[in-house]
Amino acid sequence: MEKFEPERIYNLYFDTVYKVCFLYMKNHADTQDMAQETFCQLLSKPFQYETDEKTKAWLIVSASNLCKNHLKKWWVKKSVSYEDSIAEHADKNGLVAESGSGSEVYRTVMSLDEKYALPTYLYYYEGYKTAEIAKILHTKPSTIQTRLAKARELLKMELE
Amino acid sequence: MRKEEYVNVIEQITPEEEVKKEIWNRVSQSTGTQKKTIAFKKWGLVAAVLAIVCVAGVYAPTAVAEIRSHILRETPSYGPLADSVETAIFSKADEHICVTVEELLSDGVVVEMTVKYTALDRTGKKWLEKMDTGIAQGEYKMNIQPRMINTIEYGVNYSYGAMELEEQATETERVFLLGFQASGRTYTDHQGVFTFPMTETTEEVLLDVSGNVEIRSFALKGAEAASEYYTPTYIELSPMSFVIYAQNHGVFERSQNDNYYEEKWLMPEEEIDALEANSYFIMKDGSREPLPQGAAHNTTHAKEDNLYSDVMLYSERFYSEPKEYRPSPEIMNLDEIEAVVINGVRFEFVK
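Cut-offs and rules
Residues numbered from 1 in each chain as written. Chains lettered and ligands numbered in written order. Predicted model: local features only at pLDDT ≥ 70, side-chain atom pairs only at ≥ 80, totals over all residues. Heavy atoms only, no water. Helix = DSSP H or I, 4+ residues; strand = E, 2+ residues; numbered from the N terminus. Areas by Shrake-Rupley, 256 points an atom, 1.4 Å probe, with all protein chains shown as cover. Buried < 20%, exposed > 50% of the residue type's maximum accessible area, 1.4 Å probe, protein only. Contact = heavy atoms within 4.5 Å. Axes fitted to C-alpha atoms, helices over the stretch in contact; angles between N-to-C directions. Parallel < 35°, antiparallel > 145°, perpendicular 65-115°, else oblique. Nonpolar A, V, L, I, M, F, W, Y, C, P; charged D, E, K, R; others polar. Pairing = 2+ DSSP bridges. Core = buried A, V, L, I, M, F, W, Y, C linked by side-chain atoms within 4.5 Å. Domains from an automatic or database assignment. Phe/Tyr/Trp six-rings, centres within 6.5 Å; stacked < 30°, edge-to-face > 60°. pLDDT = per-residue confidence, 0-100. Polar contact = N/O pair within 3.5 Å; in protein donor to acceptor, adjacent residues only side chain to side chain. Disulfide = S-S within 2.5 Å. Salt bridge = Lys/Arg side-chain N within 4 Å of Asp/Glu carboxyl O.

Right, let's get into the overall build of chain A. Secondary structure assignment for chain A yields eight helices and one strand. What you see in chain A, going N to C, is helices and strands ordered as α-α-α-β-α-α-α-α-α. Total accessible area computed for chain A in this model is approximately 8600 Å², and 50% of it derives from carbon and sulfur atoms.

This paragraph deals with the overall build of chain B. A tally of helices and strands in chain B yields eight helices and 19 strands. The buried share of chain B, taken over its 351 residues, is 48%. Within chain B, counting contacts between residues at least 6 apart in sequence, those at least 24 apart form 61% of the total.

Residues and elements named next belong to chain A. At a minimum axis separation of 9 Å, helix 6 (residues 114-125) and helix 8 (residues 141-155) run at an interaxial angle of 95°. One finds that helix 6 runs roughly perpendicular with respect to helix 8. Across from K115, Y116, P119, T120, Y123 and Y124 in helix 6, the residues of helix 8 making contact are I144, R147, L148, K150, A151, R152, L154 and L155. Here the contact of helix 6 with helix 8 is composed, by residue class, of nine nonpolar, one polar and four charged.

Now for the sheet that holds strand 4 (residues 143-146) of chain B. All names here are of chain B. An order of 4-7-8 is seen for the three strands of this open sheet, with the pairing classed as antiparallel. Both edges of this open sheet fall to strand 4 and strand 8 (202-208), since each of them pairs with a single strand only. With direction set aside, neighbouring strand axes in the sheet form an average angle of 25°. The sheet contact formed by strand 7 (residues 191-197) and strand 8 spans seven bridges and is antiparallel. Directly across from F196, in strand 8, lies its bridge partner E203.

Right, let's get into the nonpolar core. Of all hydrophobic cores here, the largest spans 53 residues; its most connected members are F39, V109 and Y121 of chain A together with Y6 of chain B. Ranked by the residues each element gives to this core, the list is headed by helix 1 (residues 6-25) of chain A, at 12 residues. Structurally, this core is a two-domain feature, drawing no fewer than three residues from each of domain 1 (6-70) and domain 2 (87-155) of chain A. Residues contacting F39 of chain A, with those up to four places away along its chain left out, are I9, Y10, Y13, F14, V17 and L59 of chain A together with V27 of chain B. By size, the runner-up hydrophobic cluster in this structure holds 48 residues, among which are F90, I97, L165 and V243 of chain B.

It is worth spelling out the packing of aromatic side chains at this point. This structure, assessed with the given rule, holds 21 aromatic pairs over all chains. Note on Y158 of chain B and Y160 of chain B: the rings are 5.9 Å apart at their centroids and 35° apart in plane angle, and the pair reads as tilted. Arranged with centres 5.5 Å apart and planes meeting at 90°, the rings of F242 of chain B and F281 of chain B form a pair that is edge-to-face. Here the residue F242 of chain B occupies a position in strand 11 (residues 241-248), and F281 of chain B occupies one in strand 14 (residues 280-283), the gap between them amounting to 39 residues. Look at F281 of chain B and you get buried, because its relative accessible area is 1%. Taken together through their ring pairs, the aromatic side chains of Y10, F14, Y18 and F39 of chain A together with W24 of chain B make up a single cluster.

Our focus in this paragraph is the confidence of the model for chain B. Residue and element names in this part refer to chain B. The predicted model of chain B has a mean per-residue pLDDT of 79, with 75% of residues at 70 or higher. Below pLDDT 50 for its whole length, residues 32-66 participates in 14 contacts with residues either more than four positions away or in separate chains. Contacts from residues 302-308, a stretch scored under 50 in pLDDT, to residues over four places away or in other chains number 18 contacts. For this predicted complex, the interface confidence comes out at an ipTM of 0.80, alongside a pTM of 0.62.

Time to look at the pairing of strand 2 (residues 97-106) of chain B. On any regular strand, side chains alternate: one points to one face of the sheet, the next to the other face. All names here are of chain B. In terms of burial, strand 2 is largely enclosed, as nine of its 10 residues are buried. Pairing between strand 1 (residues 86-93) and strand 2: six bridges, direction antiparallel. Looking at strand 2, one finds that S91 is bridged to T100. In textbook terms, the turn of a hairpin is the stretch between consecutive antiparallel strands, and for strand 1 and strand 2 this stretch comprises three residues. In this structure, strand 2 lies alongside strand 3 (residues 110-119), joined through nine bridges in antiparallel fashion.

Residues and elements named next belong to chain B. In this fold, K92 is placed in strand 1. For K92 and E203, which are 111 residues apart along the polypeptide, the C-alpha to C-alpha distance reads 9.8 Å. Residues in contact with K92, not counting those within four places in the same chain, are I97, C98, V99, F196, M198 and E203. A polar contact of 2.8 Å, which involves the side chain of K92, links it to the side chain of E203.

Glancing now at unusual backbone geometry. Residue and element names in this part refer to chain B. Even without glycine at this site, A88 takes up a positive phi of about 50°. Topologically, A88 is positioned in strand 1. A relative accessible area of 67% means that A88 is categorised as exposed. Here N343, not a glycine, exhibits a phi torsion of approximately 50°, which is positive. Its place among the elements puts N343 in the loop between strand 18 (337-342) and strand 19 (345-350).

Glancing now at the state of the cysteines. All names here are of chain A. With the rule as written, the count across this model stands at zero disulfides over all chains. Here C21 stays free of any disulfide, with the sulfur of C67 as its closest cysteine sulfur at 3.8 Å. In this structure C67 comes out as buried when scored by relative accessible area, which is 0%.

A separate point is the pattern of salt bridges. All names here are of chain A. Enumeration according to the criterion identifies 21 salt bridges over all chains in this entry. Between R8 and D52 there is a salt bridge; the shortest N-O distance is 2.7 Å. With R8 in helix 1 and D52 in helix 3 (residues 52-70), this residue pair connects regions lying 44 residues apart in the sequence. Here the residues in one salt-bridge network are E5, R8 and D52, joined through shared partners.

In structure tokens:
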């Protein structure tokens, strides 16, 4: 029978939480902070454990909400090195930076707006059905279907 | 894009095992949050009592009665810098809204300012209602960044951000806190580029962000060499931050990217680790204040063509000891600092 053992839950779902946070924060440093905060919330706030799967859903939603709130707050927006400033300057002046097709796929995925990024991740990577995603995110299945369709359009994803 | 390509991208977002363990250590250590909650409740009670005293017209402590500055209210530890907060910095209006930079608190490394948007008519009010608080980019982009022309010579690393003070919002006004933190003061003319939306355009204006916070500069004198890679030369100290400069000993890297030619001074990782582990301020009472981790610079541009010149070695704002998950900015009493130890070598301050 499953039990709520903090370290077991952490090991089981850390990767999921990390990926969800990265979809919002888009860099490892901030992602680590947000992943840490998600698990701190799990262990410090009142939490009624029922099953591992429900705990996973709770973690996904908490991580998402924490990231969304954090993105509105202080010192989050950007860290800029002057090398990046130079590259931006080069781009603005029509000088093309090096890119390969792999990095282009990565950029395309990372450029998805947050409202498409999470359903897309839950559908294509975690394998949830649209009804399940709708339940996790407290929205209608039709909303999830619309967002997945839009995400496919933005990603130019081939239909299965 | 095929589904497999998407999945491969997500697969790449995998933290190292070490990072996972480190985060677990921090999580398990910090989940004694019961005590923290109780402490907050105590402060809440104290604040409520003081507020009641204020309303009754009885004398109340200055700290509660007179915090009118948004910056100081958000960062109470900056209270001693109240006299350094500048006001009425900049203002611009169009037909429908007025934008005012109301306050600036800066030492040139840490720059914080408050920006107020005021609706002047119905159209402005509607525009303000729509304004998105995710304001680093897009239609409502609003930020302050260090100005850098001729970037190689004046380059600093920096982070910048913004947040809305939602509790200050009214039907016709919204207030935001903006700022940046740079690795040094060498950006162009001590100016910041303030980008802000108006109803028809996004505007950009240069602001003097040198600030009024006291900065003390000292040459650094040590009895022996701190490293084969650098010699610390001087330090700039303010109550908010410190910047240590050094002379590099000529270890550098030249690289040619697609579009520009770059020269950088380099220090090996082991040298950075040693520097961070063995550097601290010595206080007059004999105690030590370690320099923050992760704030040493391993690459930076030398200012002179021959590369044997001043480089920024170590810089950071002062933070509280990380008792909580996130340390908060703090003030350093400069009169209490006796000397600095850099990579295990003591350096005296020389005027």
